[in-house]
Amino acid sequence: MRIITLGTSHGNHTPGRFATSTLLEIGESCYMIDAGEPASGQMFRAGVPFKNLRAVFLTHMHDDHTSGLTALAKALHKYPTDGQHTDFYFAEEAAIAPFRAWLGAVHVKNEEGLVQYHTTHEGAVYKDENISVTAIPTRHMSGGEPSFAYLIEADGKRMLFTGDLSPDFSDFPQNVGHLDVCVCEGTHYRPEFSMPILQKADIGKLIFNHLHELWIGDGEDVFLQNFVSLPYLVLAAHDLESFSV
Ligand SMILES: [Zn+2]
Ligand SMILES: [Zn+2]
């Protein structure tokens, strides 16, 4: 089982980083958390067949987490194989119909069955023979629209994908027990605000993605310096980096 960070930038592309998208690969199956542009292109570069994509979980509807979805839908429909099926989980139900209308407008096939559309809600949202997924509400959206972190349990391991958080970091999911891996955004809060909460968290490996422009290039070391006192491994992810779980 491995996590591949397809895109690790924050709201904008930066010279070395594309918008946020992360893949969890388990054998011949994979699952995407957020689909910032160019998620499908990065998946192609990572050598992961599109037919293997079982589900996409969007943490919220901001463009930098969803902009790759059109091209991904096209990739899934281009050369479908027998039994291929992908579930798309949108954070807001109202986004599904306009998205499907847009697929029609750009002449992407939109067949019921190959891709199925769902709305994420708090609690258990997805389960198959590989993983079970629980959505935990966060408070990232300034207008109060839904946003979620996803807790994914697979092969005896527990992984948390925070999505974007609020400026005071208080919505980082706490009381979720041991996490083998946490993939956490690194843009919307000052690192020192996160420390009291991260110090109490039971984490094996903390991987930051969605990195602010301040924290790229030489800034990466400055960012990581904030977390040296944490009693677990802390890393800053790059595009197309692979982490074994
Ligand atoms: Zn974002
Ligand atoms: Zn956002």
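A brief structural summary. None of these values were measured; they are calculated from a predicted model.

Rules and cut-offs
Residues numbered from 1 in each chain as written. Chains lettered and ligands numbered in written order. Predicted model: local features only at pLDDT ≥ 70, side-chain atom pairs only at ≥ 80, totals over all residues. Heavy atoms only, no water. Donors = N, O, S within 2.8 Å, 3.2 Å for Na, K, Ca; no water. Tetrahedral: all angles 85-135°; square planar, octahedral: opposite > 155°, others 65-115°. Helix = DSSP H or I, 4+ residues; strand = E, 2+ residues; numbered from the N terminus. Buried < 20%, exposed > 50% of the residue type's maximum accessible area, 1.4 Å probe, protein only. Polar contact = N/O pair within 3.5 Å; in protein donor to acceptor, adjacent residues only side chain to side chain. Contact = heavy atoms within 4.5 Å. Pairing = 2+ DSSP bridges.

### What about the coordination of the zinc ion (ligand 1)?
Four donors placed tetrahedrally about a metal ideally form angles of 109.5 degrees, and six donors placed octahedrally ideally form angles of 90 or 180 degrees.
Thinking step 1. Those protein atoms acting as donors to the zinc ion (ligand 1) are Asp64 (OD), His65 (NE2), Asp164 (OD) and His210 (NE2), and they sit at 2.1 to 2.2 Å.
Thinking step 2. Around the zinc ion (ligand 1) sit four donor atoms, and with donor-metal-donor angles ranging over 87 to 169° the site reads as irregular.
Thinking step 3. Sequence spacing of the donor residues for the zinc ion (ligand 1), all on one chain, is D-H-x98-D-x45-H.
Thinking step 4. The distance between the zinc ion (ligand 1) and the zinc ion (ligand 2) comes to 3.4 Å, with Asp164 serving as a donor to both metals. Within this pair, whereas Asp64 is found in helix α2 (residues 63–66), its partner Asp164 is found in the loop between β10 (157–161) and β11 (179–186), the two being separated by 100 residues in sequence.
Thinking step 5. What makes Asp64 buried here is its relative accessible area of 7%.

### Thoughts on the coordination of the zinc ion (ligand 2)
Thinking step 1. Distances from the zinc ion (ligand 2) to its protein donors, namely His60 (NE2), His62 (ND1), His140 (NE2) and Asp164 (OD), fall within the range 2.1 to 2.4 Å.
Thinking step 2. One can describe the donor arrangement at the zinc ion (ligand 2) as irregular, given that its four donor atoms subtend angles of 90 to 172° at the metal.
Thinking step 3. Spacing between the donor residues of the zinc ion (ligand 2) along the chain follows H-x1-H-x77-H-x23-D.
Thinking step 4. Overall, Asp164 belongs to the buried group, its relative accessible area being 3%.

### Considerations on the side chain of His60
Thinking step 1. Within the element layout of this structure, His60 appears in the loop between β4 (53–57) and α2.
Thinking step 2. A distance of 2.9 Å separates a polar atom in the side chain of His60 from a polar atom in the side chain of Thr59.
Thinking step 3. Excluding its chain neighbours within four sequence positions, the residues that come into contact with His60 are Asp34, His65, Thr66, Ala91, His140, Met141, Pro146, Ser147 and Asp164.

### What to know about the pairing of strand β7 (residues 123–127)
Thinking step 1. Examined bridge by bridge, β7 and strand β8 (residues 131–137) share four bridges and lie antiparallel to one another. Residue pairing for β8: Ala124 is matched across the bridge by Thr134.
Thinking step 2. Hairpin connection, β7 to β8: the antiparallel pair is bridged by three residues.

### A closer look at unusual backbone geometry
Thinking step 1. Between Glu37 and Pro38 the backbone carries a cis peptide bond, its omega angle lying at -10°.
Thinking step 2. Tracing the backbone shows Pro38 in the loop between β3 (29–35) and α1 (39–45).
Thinking step 3. Residue Phe169 is not a glycine yet carries a positive backbone phi of 65°.
Thinking step 4. Tracing the chain through its elements places Phe169 in the loop between β10 and β11.

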